[in-house]
Structures are given as C-alpha cells and as structure tokens.
Amino acid sequence: MVWTGTWVAERLGVELIGGEELPALLGLALRRNPKRAHLLVSSVLGKHVPQRPSVVYGSGLGLGVRVRELLGDEEAARSVVLGYAETATALGHAVADGLGLAPYLHSTRRPVAGVARAGGFEESHSHATSHLLLPEDPALLAGGGPLVLVDDEFSTGNTVLNTIRDLHARYPRERYVVVALVDMRSGADLGRLDAFAEEIGARVDLIAAAAGTVRLPDGVLEKGRALVERHETAHRAAAPAGGTPPPVRIPLDWPEGLPDGGRHGFTPEHREHLEKALPALAARIEEALHPATGTESGPAAVSGPAAGTPGQQPGILVLGFEELMYAPLRLAGALEDAGHDVRYSTTTRSPVLAVDDPGYAIRTRLVFPAHDDPADGPGERYAYNVAGAGFDTVVLVVDSAADTPELHAPDGLLAQLAAHVPRVLLAVVPAYEPPTASVATPATTDEPPAASSTLTPTVSEAPERSSMLPEPLRGPAFSSYAPEEVGWLLQDLSGVELEAPTEEREEAIQSGGAHYAESLPVEYQPSARYQELFHSALESSAARMARAVGTVTETVLAEKPGRAPVLVSLARAGTPVGVLMRRWAQARHGLDLPHYAVSIVRGRGIDANALRWLAAHHDPADVVFVDGWTGKGAITRELAEAIKEFETAEGISGFDPEIAVLADPGACVRTYGTREDFLIPSACLNSTVSGLISRTVLRSDLVGPNDFHGAKFYRELAGSDVSGAFLDAVAARFDEVAETVDVDVKELLAADRTPTWEGWAAVERISEEYGIHDVNLVKPGVGETTRVLLRRVPWKILAKRGAEADLAHVRLLAEQRGVPVEFVDELPYSCVGLIHPQYTRGATGADGKAVVSQ
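Calculation rules
Residues numbered from 1 in each chain as written. Predicted model: local features only at pLDDT ≥ 70, side-chain atom pairs only at ≥ 80, totals over all residues. Heavy atoms only, no water. Pairing = 2+ DSSP bridges. Helix = DSSP H or I, 4+ residues; strand = E, 2+ residues; numbered from the N terminus. Axes fitted to C-alpha atoms, helices over the stretch in contact; angles between N-to-C directions. Buried < 20%, exposed > 50% of the residue type's maximum accessible area, 1.4 Å probe, protein only. Right-handed = clockwise from strand over helix to strand, strands pointing away. Contact = heavy atoms within 4.5 Å. Polar contact = N/O pair within 3.5 Å; in protein donor to acceptor, adjacent residues only side chain to side chain.

Asks: Explain the sheet that holds strand S18 (residues 423–429) to me, and be specific about the residues and the numbers.
Replies: Here we have 5 strands laid out as an open sheet, ordered S12-S18-S17-S13-S14, and parallel in their pairing. The sheet terminates laterally at strand S12 (248–250) and strand S14 (342–347), the two strands that pair on one side only. When the angles between neighbouring strand axes are averaged without regard to direction, this sheet yields 25°. As judged from the 4 bridges shared by strand S13 (residues 316–321) and strand S17 (residues 393–399), these two strands associate in the parallel manner. In the strand pairing of S17, Ile 316 is matched with Thr 393.

Asks: Help me get a handle on the pairing of S13, residues and values and all.
Replies: When you tally the buried positions in S13, you get 6 out of 6 residues, the bulk of the element. Across the two faces of S13 the burial is the same, with Ile 316, Val 318 and Gly 320 and Leu 317, Leu 319 and Phe 321 all buried. Bridge count for S13 against S14 is 6 bridges, and the pairing is parallel. Residue pairing in the sheet places Phe 321 in a bridge with Thr 347 of S14. Read as a crossover between parallel neighbours, the route from S13 over helix H9 (residues 326–337) to S14 is right-handed.

Asks: Before we move on, can you summarise the sheet that holds strand S33 (residues 831–835) with the specific residues and values?
Replies: In spatial order, the strands read S30-S33-S31-S32; together these 4 strands make up an open sheet with mixed pairing. A single partner strand is all that each edge strand has here, and the edge strands are strand S30 (778–780) and strand S32 (821–824). Across the sheet, the mean angle separating the axes of adjacent strands is 20° when strand polarity is ignored. Against the sheet, helix H19 (residues 758–769) contacts S30, strand S31 (794–800) and S33, and its axis sits at roughly 140° relative to S30.

Asks: I'd love a proper account of the side chain of His 709, names of residues and values included.
Replies: Of note, His 709 is situated in the loop between strand S28 (671–674) and strand S29 (710–711). Judged by relative accessible area, His 709 falls into the buried class, the value being 6%. There is a polar contact of 2.7 Å between the side chain of His 709 and the side chain of Ser 599. Leave out the neighbours within four places in its chain, and His 709 touches Leu 490, Gln 491, Ser 599, Val 601, Gly 605, Asp 607, Val 697, Leu 698 and Val 703.

Printed below as a string of structure tokens:
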C-alpha cells in the first residue's frame, strides 16, 4: 500500500521520523500557512479522511482508559476533560468516555448569547485562532482536580501552553494531563512542557498513542508555497451544472434535553442517556436507508481514493459538521454495530490542497459556503475525500443552527454532495440551548428552512458584556501580519469611505467641527526617492532598533518575574513594536507571549470595550501597554486617566497605565529601550509598514457603545507593503545585539528611571515662544514630526543642529510640502513639527505663501 505522505515527501524532502505505526496513522498534505507548509493528516481522527467509526471512537477511548490508569479512579472522578475545536471535539469526547467518570467540555468558535465565558485562548498555528469556553455550569472548570487537555496532534506545544496559562490564572490546580493521538514535538520543543510545569508549579503529564517528528529541509516553506500555487486551482471537485434532487430528511427524534455535544458541557449522566437512545436513533436512520440499501449496505461498484481498508469500498458515509463530531460519530458507530459498512468524517474550516494521487492524503475536496451564520463572517468550508470515494449514500448530520438556506442553496453543501453521491440523507440534531442561553433555533421539520429564518439571539446581551465582544481580528483577513503575530481588538471599517483631504481635515479639527479620529487622512503614497530613504534608514538603524527592542523587552520581563506578560500595543504605531517584542521573547526565551492591538484616542481615551475583552481573557496585572515612542507624553497621560475612569466605571482593577516604548526622548515613562530621539523607520510610513492597517477611527455613527473602535485594512496597497520586511530586518539583528542588551538592561534596572517630563516643559516653552498657544499643535521627536508631515498641515519644522543624520526623510518630506526647516540649538529632541496654528485654507505660512499639500 502506498503511504499517503509519499507525494509531499518526494517533492519537499519532508521525512516522518518515528515508529512503524506512524505512517499508518498519518499522511501528508499541503496548505497555505506562513508558519508550516505541510499538514499532518490523521487517518484515525475522522476529520479529513473517512474511517470506520469503530476505529475513530476506539482511538480516543483507548487513550481515555490510559488516563484513568494514570490518575486512578479517585483522581479521575475529580477531573475535567477539555477538547479543542474544531478538530478534536469528538476525540476529547471519546477520551472522556474512556475515562468514564469525568465531565467533558470542548472549546468553540460559536459564541452563544446568554452563556458567560469561562475562558478563552489562542491556537497560534491555526487559520482560525480564537477559542471560547462556554460551560453551562460556571463551576465546571473551577474544581481543583486534574484537567485533561485533548488534541489530535502535539507539535510545538504552543496551544496547550496558551490554554494552561489562561486557565491556570483563573482556576489554578495541581495537575494537568495532555492527551494526543501523536506527539510530534521536535527536539527543541521536548523540554518546554517540563519547564512550563516548573514555572507554574504544577505537574503536567503527556499521553500519546504514538510519537515521532517531522524532519524539514531548508527552504520547505517556499517550496511548499510554490507547490500549492501550482496545484490549488486544478483539483477542486465542483458540482456540475443543473439541479439536484432534494435530500431526504430523517426525523431523528433526538432526546429532549440531551446536549448535541460538549460545547456547554457533557456529563457522565448525559453519556448514559445517549447510550440508551442510540439504538432507536440508529433505527431511524436505517428506516431512511432501507428503500435504497435494504438492511445491509454492501460494497459500491465505483472505485475511488482510499476511504478505509484497501480493497473494500464503503457504502455509507456519515458526514458530521465542523465542531459537531461526537453525535455523528456515535450514530455512525451504531449503524456499524447494526452490520452496515460505514465510514465517518466531518466537514471543516481548514483549507487544504487536494491532489488526486494515491500517495497524497487529501485526494478530493468539495468547497461550499458556511451555513451556520458564523460569528466571524461568511467563508468557504470543505469536505475532503468524499467525491470519488465510491459512497452510494451520505448521511449528513448537522445541528439545527446549521440547517439554514445556505445549506440548501444551489452552491451549498447538500447540492455538492448530491452531485457526487447517488443518495443524500439529512439528519438534524437540535442545537443544545442551556437554560440561560437565548439563541433562537429553527425548528427541525421535513421542509428546508425559509429564506427569512434567522439565528439572531432573541435576547441581545449576555450577563457579562465582555463575553459578547467579538474575537480579535487577525491576518490575513485583517492586516498583512501573520495571525499569531497580533490580534486586533478593532472592528473592520474597510468598506466605509473615511478619507478626507488633509486641508479639510485640519480646518475641521481646529475649528472644533470634527475630532481627528472621526476621519482618516488620504494614505501618503511615497515617491521612489522616499522609499529609497526608508530602506536606507532601515539598513542603517536596524541594529539600533534591535537593541532598543531587546532592552525594553528584557526590562518588561524583569519587571514581571515568573509571569508571562500580555503585550497590548497602542494601534497603530505601537503594533510593529509589539510584534518585535514578541519575537524577541520567543527567540531569546522560548516564550509565546499573547499580543493584541487596541485603540487609544487623544481626548477620548482608550477603547473601554477592548479593556473589557482583555480582562475577560487575561489577568489585567499581566497586561503591558506598548507604543513606539513618546513625544511630549500626551498619550501617557491620556492612558493613565482612561484607566482610572475605567476602574471607577467597571469595577475592574489591575491594569498598569505605564507604557513600554522603544524611545522615550521626552522622559515620560519608566520602561524604554532608549531615551535618545532617533529615527525609528516604521515612523517613516503609514499603513504600509504597519500591516496595511489605517489609524483608528472613533465616530458615533460607526462605533456604538458596545463596539470596538474601527480601522481599515488597505488590501489594495499590498504591492507596496514592507511590514514584513521591516520586522525581518530588525529581528535579523537580534543575535548580534544580545550581549549589549544584557549590559543595557543591567544598567537600566539599577538606574533611576523616574520620568522627569522634560519633554513636556520644552513643548510648553516652544508653544509660547512661537505664538502657537496650544501644546497639541507642537509635535516633538522624529516620529511625531514625521506624522505631522504625512497627515497634518505643517507650519515649520524645528531641527536640532547636528542631528542631520536622522532627519533625511524629514527634510525630504518638508521639501515636498514646501515647509521650511529651521535649525536651532538646545533642543531636547532631534526635531519638532509645528502644525499651522488656527489653520484655514487661506492661511499663510512663514514664507508668506499659502500652505497646501503637495
């Protein structure tokens, strides 16, 4: 039999290292992913590869028995089992069944109104990262017994560590058990689990069915990307034109009050209830099968890709739906017990390349639109190895939340299945509603739902507002950063026209007719000469940047001994800095720090909804606010005042208003990389060096009281994007500055870093000396001066004599806009930008000419 990883192994040079059992458990496929080109495809999970339900269920059941043997009955009875959505929901259920004594909960990406969140965490390597924990019983995770975490694959360990870190802060316990089908850690990752256990003061055990690793050659990401691009459009199994017969609905008579799975918790009592109900439920499906298959379902005559044992073609596929894996699996198992030839798999969110080759794990794929009104918006969904597999019947099992018009649409999943399989049956399980929930669920009838049916909550808000806030936006759907680099606590306003000419904005702002955050400046498109300046500045200052990044990161870590900081960048100037600090912590310490970007607006404060979200997911004491640089310290003061107001209004304390910055020339903060006013290259550009994200927007007609602030994703500027190049250039210098950073940090920690606010005093003096009488129109420092030239109507630039080396881009921008540069002595900054006071479009500049944008 050909190994289903051969195709990828031969083309990419990937090797599967381990025991003889590994090739039988795992195949290989390709996907688009900035971190990992290959995908390990399990043959016993029941997700991508149809498999006998007894094999799928038995794999998890056996692992659960091993956990019970490890813990003993007494500890097993005190434990809770937690599975990961979407892939491991049924595996976690099966482990809990093998354990026999413990309740089960799986994470979910489906928020439910009225059910408060008990936690959440990030899956850094995934295409869809945010997990919610929504137990019906809030005390489910609060006990002190062992927590058993179940996933299909244990590779880097990042997901498990993120989970334990989040939950241990909320519900500390003495013991954790990690369970996986395969332990695929590399040598570099093997010690992380023990080190982490020591760090949190708990025992962490690992149980896996098999162990090994994947050996990757140099350049595998680039080769994988090229392979995907060459093949991805050629192997999509599409439904042929023309109508398809409607599916036959199966009236399941699902027992009232029995949860459809572990989204809100599944107890041993629920399991006993299901066991009793399974024979009758299977009989309902058999009644629907009878007209086509009789009481037996024999081998199909059509050959196709492997869907189980070689040489045998199954008759029936029971196809589950994303997180709904356990109920379809148990139904499939009941049919198998009744003598039917059955395979089981489920649909998925995960996009994987299909190649019709016996040595490749994903032979065909069906593509269809999401049909459960997902919280993160519409998108494609997939069913693998169904088309051409020789099935004569598919029993599709969905929950009632997914029985929508999209499911029955001409391009929907049912039509796709009917085009490739002779007979399609539909079984709908009622989506379980905890008594506290308020989700309106369409009734299960013999008719498809009407086009006007809705899944909107009948009660709009859960008891905790934070539990209803959306999950962070992530790349590539929002920003050009990789999803694990940053989560944006913002709402996407990309479709809204927000840009206004610079002169109109300035006049409106200064006249009091509009706030600067109510619109956006037109994005500056740098000339070829200016772009050359950026790259030159980056090359000359990358090591200096790396040193400042290392210094501020090490200072933050030293100030929070024994804790893992949560980096929260002030969007957008702080975001590249936060990404770099995260990279430093990962490169130097193996830490996978959470990183988010939030909006703060001068005069309006920080986004309170973002603070609520952070408080619901992390200990506020772990949050470290990050920005690029300080000018006069206005944002520092703004943040301190906003945090104080938030604590008073919300009763949530613990956030430290101190900001960590790369450069603090105004001496406004205690935590910094340097107090020199030097050119930070990310200040030279706008969105094209900040993940293609605009400045944040706060406008009452767009941002409601329970919404995150907004921003735009400028996808159309992708051709000019240097965000990744900027990060990579600085990160490449980490090793060479490491020793210097160690010295800098030692000196800083021993020094008096009390802010003197000398920058603020200088701004006040300049404001009066130049007759401006408004400190908000004085923008000190290289970064702030650059912003003035890019976004506002500048009056003049004050430059410190002798600082010319850092000001080439400032002088070029000033030249392009016809703004005079005045060199002065005794300036505490390299330069200061002055916005034209009392601006109108008829105002004149210092040279007597009209001030216009060029």
